[in-house]
Amino acid sequence: MVYGWSVALLGCVAGAVVALVAGQGDAGLSGIGIPIATVLVAVSWWRELGIRATPRHARRTDLIGSLLSCVLWVAIWTQFAFFDATALSPVLSAALGALVAAPAATAGWLIRRAQPSTAPHSRAGDRPTAAPQAADQVRDRIITALTTVDEAEREVVHRAVPVGTAMFDDQVAALESAGDIRVRQWWIRAHPRTWLRLTARGRAKAEPAVTPG
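The model shown is predicted, which means the values in this text are computed figures rather than measured ones.

**A look at the nonpolar core**
In terms of nonpolar packing, the biggest core is built from 14 residues, with Ile142, Leu146, Val157, Phe168, Val172, Ile181 and Leu196 touching the most fellow members. Looking at this core, the elements that each hand over two or more residues are helix H5 (132–147), helix H7 (165–178), strand E2 (181–188) and strand E3 (191–198). Of all the elements, H5 adds the most residues to this core, at four residues. Val13, Val17, Ala37 and Val100 belong to the second-largest nonpolar core, a separate cluster that totals 13 residues.

And the structure:
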């Protein structure tokens, strides 16, 4: 969430600074927004590096939106810094600010919209925990469903283990923490897809014990 909103906020800061510069006719006012913009760019890239399996389209959207807003910012700033442009009316200043803010703000909104929700992995105290026996049965069924395939999409496994979404997600998380399954996220266009596969440890658990003689 931080990643998308930091990109959008970068556009809003650029737009506000441009509106201020255009309204006052003073290019020196751009210095107010440069430190803020630098921090926002650093935060957005730091968060992007920290997001697991960030889709290519998100990076491309961030790059295009942020660069376009910054290019417009610089283009308008040069008019006041080098060509002695006169101050504009409040309406025109606000319109220029909105024009500069639009690319990055839109990019941030698109990135935020495409990021998967983390709601299914809420803290254990946020909802009642399942009975240990029921949880064990769900985990066993998930492992069993994965024994016949190398990898399966989360929705396919969920259909084979018809329990509530919260219960299913909790047990998937538990199996991943125990090292029995590996969860991989893939992106198809703007939509995240989650795939599950058994690890060597999980497959060993699923195979029936071989007794001698």
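Having seen the structure, we can now continue with the description.
**Some thoughts on the side chain of His158**
The topology assignment puts His158 in helix H6 (residues 154–160). A polar contact is formed between the side chain of His158 and the backbone oxygen of Val163, at a distance of 2.8 Å.

**Overview of the packing of aromatic side chains**
Enumeration over the complete set of coordinates arrives at one aromatic pair. With 5.7 Å between their ring centres and 85 degrees between their planes, Trp77 and Phe82 make a pair best called edge-to-face. A relative accessible area of 30% places Trp77 in the partly exposed class. Phe82 sits in the exposed class, given a relative accessible area of 58%.

Reading guide: rules and limits
- Residues numbered from 1 in each chain as written.
- Predicted model: local features only at pLDDT ≥ 70, side-chain atom pairs only at ≥ 80, totals over all residues.
- Heavy atoms only, no water.
- Core = buried A, V, L, I, M, F, W, Y, C linked by side-chain atoms within 4.5 Å.
- Buried < 20%, exposed > 50% of the residue type's maximum accessible area, 1.4 Å probe, protein only.
- Helix = DSSP H or I, 4+ residues; strand = E, 2+ residues; numbered from the N terminus.
- Polar contact = N/O pair within 3.5 Å; in protein donor to acceptor, adjacent residues only side chain to side chain.
- Phe/Tyr/Trp six-rings, centres within 6.5 Å; stacked < 30°, edge-to-face > 60°.

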